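Observations on chain architecture
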Amino acid sequence: MFALTAFRVLRFAWQGFWRNFWLSLVTVSIIALAVLSVNALVVVNELARTAVGAVRARIDLSFYFGPTATEAKVLEAKAFLASLPEVASVEYVSPAQALDRFISKHRNDPLARQALELLGSNPFGAALVVRAHSLEQYEVVISRMANSKFQELVADKDYEDYRQYTATISAVAERIQLAGAAAAAVFAAIALLIVFNAIRVTIYTQREEIAIMRLVGASNWFIRTPFLIEGLFYAVVGCAIAYAVTVPALGLLQPRVAEFFEGVPVDLVGYFRGLTLPVLGAEVALIGALNVASSFFAIRRYLRS
């Protein structure tokens, strides 16, 4: 008996979904747009995290030693820096390596080549390239080096504070996320109104069937449940369409993102697919609950009459 009742309820819900096809199409489209907005927020968050990580990965601090600094002294300074808890790694760059790097970097600059030819010798000294564990620790490393016995051997240092860059990236990502959240909220509100009206239209078109069911003693829950399930149909179909659009769109976007983040592995499609169950499940659950609630209130007034 229960199986027969469940089958009838599902059949009524399916018929209601298709009976007003164009209204169902509009409802599902708005829900899909709301879910696409949420998916965009997820992708933007990953891009922002990748951008900040890329900036952090390229941060280093270079100490350039004067010509009077012997290799033994520079290596001693390297050991000192490596012993600091804030330092993740220290790379020794010999004068010859520094010259090679300069030539490679300025290979298309004739003035730089002419300057080297005029000097007639290697003008570069040894250098130490330091990477700290975090941005905040670079200032500590600079301070420790300045108060060490090796400070008089250091001719120059090169450190650009990237905290402003990472803060800018985070601020832009936050603004985009706020705009996306606002768009998702607007689409969700519109979707709720459309679901509410769609259920009321469905009730109106089935008013005679509902009246007959009430005459033969059908309970309010038997009458109400198909409409609640219909609201759940809208959520499932809308989320499925949004997912079906998001994955190919990320596939088209992937080459451009990989080109922009050159040297940094970025797999948006794999990242999003990895979140399919939690993200899609949460979207279906939330939108389904909102649609069911909207359907419940849409029919409650009719059942009271």
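Provided above is the structure to which this section pertains.
All of these numbers come straight from a predicted model, not from anything done at the bench.

Definitions and limits used
Residues numbered from 1 in each chain as written. Predicted model: local features only at pLDDT ≥ 70, side-chain atom pairs only at ≥ 80, totals over all residues. Heavy atoms only, no water. Pairing = 2+ DSSP bridges. Helix = DSSP H or I, 4+ residues; strand = E, 2+ residues; numbered from the N terminus. Axes fitted to C-alpha atoms, helices over the stretch in contact; angles between N-to-C directions. Contact = heavy atoms within 4.5 Å. Salt bridge = Lys/Arg side-chain N within 4 Å of Asp/Glu carboxyl O. Buried < 20%, exposed > 50% of the residue type's maximum accessible area, 1.4 Å probe, protein only. Core = buried A, V, L, I, M, F, W, Y, C linked by side-chain atoms within 4.5 Å. Expected span 1.5 Å × (residues − 1). Arc of directions from axis to C-beta. Patch = residues over 30% accessible without salt bridge, like charges linked within 9 Å, V, L, I, M, F, W, Y side chains within 5 Å. Areas by Shrake-Rupley, 256 points an atom, 1.4 Å probe, with all protein chains shown as cover. Phe/Tyr/Trp six-rings, centres within 6.5 Å; stacked < 30°, edge-to-face > 60°.

Let's shift gears to the sheet that holds strand E1 (residues 61–65). Taken in spatial order, the 4 strands of this open sheet run E2-E3-E1-E4, and their pairing is antiparallel. Each of the sheet's edge strands pairs with one partner strand only, and the pair in question is strand E2 (87–93) and strand E4 (154–158). Strand-to-strand twist in this sheet, taken as the mean axis angle between neighbours without regard to direction, amounts to 20°. In this sheet, E4 lies alongside E1 in antiparallel orientation, the contact comprising 4 bridges. Opposite Tyr64, over in E4, you have Asp156 as the bridge partner. Along the sheet, helix H3 (residues 71–82) makes contact with E1, E2 and strand E3 (127–132), crossing E2 at roughly 170°.

With that settled, the discussion passes to the pattern of salt bridges. Applying the stated criterion to the full structure yields 3 salt bridges. Its salt-bridge partner being Arg131, residue Asp60 comes within 4.0 Å of it at the nearest N-O pair. Of the two residues, Asp60 sits in the loop between helix H2 (21–57) and E1 while Arg131 sits in strand E3, which places them 71 residues apart along the sequence. Assessed through its relative accessible area of 33%, Arg131 is described here as partly exposed. Notably, a salt bridge pairs Lys149 with Glu76, separated by 2.8 Å at the nearest N-O pair. With Lys149 in the loop between helix H6 (137–146) and E4 and Glu76 in helix H3, this pair connects stretches of sequence that are 73 residues apart. The exposed category is assigned to Lys149, whose relative accessible area is 57%.

As a further point, take the nonpolar core. One finds Leu61, Phe63, Phe65, Leu81, Leu128, Val130 and Met145 to be the most contacted residues of the largest nonpolar core, which totals 26 residues. Elements with a minimum of two residues in this core: E1, H3, E2, E3 and H6. If you tally residues by element for this core, the top one is H6, at 4 residues. Residues within four places of Val130 in sequence aside, it is in contact with Asp60, Leu61, Phe63, Leu81, Val87, Ser89, Val90, Tyr138 and Val141. Listed in part, the 13 residues of the second largest apolar core include Ile194, Ala198, Cys239 and Ile287.

As for its position among the elements, Ser89 is in strand E2. On the accessibility criterion, Ser89 (35% relative accessible area) is partly exposed. When the C-alpha positions of Ser89 and Lys78 are compared, they lie 9.6 Å apart, and in sequence the two are 11 residues distant. Residues within four places of Ser89 in sequence aside, it is in contact with Val129, Val130 and Arg131.

The end-to-end C-alpha separation of H3 is 16 Å, in line with the 16 Å expected for 12 residues at 1.5 Å each. Every buried residue belonging to H3 is among Val74, Ala77 and Leu81, and all of these are buried. Relative to the axis of H3, the buried residues are bounded by an arc of 55° and lie together on one face.

Within the secondary structure, Ser62 sits in strand E1. Overall, Ser62 belongs to the buried group, its relative accessible area being 7%. Leaving out residues up to four positions away in the same chain, Ser62 has contacts with Leu128, Val129, Asp156, Lys157 and Asp158.

To continue, consider a nonpolar patch on the surface. The grouping of Phe21, Trp22 and Leu25 at the surface amounts to a nonpolar patch, some 340 Å² of accessible area in total. Take Phe21: it is sitting in helix H2.

Considering all chains together, one arrives at 1 aromatic pair under this definition. Here the aromatic rings of Phe80 and Phe150 are separated by 5.7 Å at their centres, their planes lie at 40°, and the arrangement is tilted. One end of the pair, Phe80, is in helix H3; the other, Phe150, is in the loop between H6 and E4, and 70 residues separate them in sequence. A relative accessible area of 25% means that Phe80 is categorised as partly exposed.

Listing the buried residues of H6 in full gives Tyr138, Val141, Ile142 and Met145. Buried residues in H6, looked at end-on, bunch into an arc of 100°, giving them a common side. In the core, the buried residues of H6 are packed alongside E1, H3, E2, E3 and E4.

For the rest of this paragraph, the subject is the environment of Leu250. Note that Leu250 resides in helix H9 (residues 220–260). Note on Leu250: relative accessible area 5%, which makes it buried. Excluding residues that lie within four positions of it along the chain, Leu250 makes contacts with Val43, Leu268, Val269 and Phe272.

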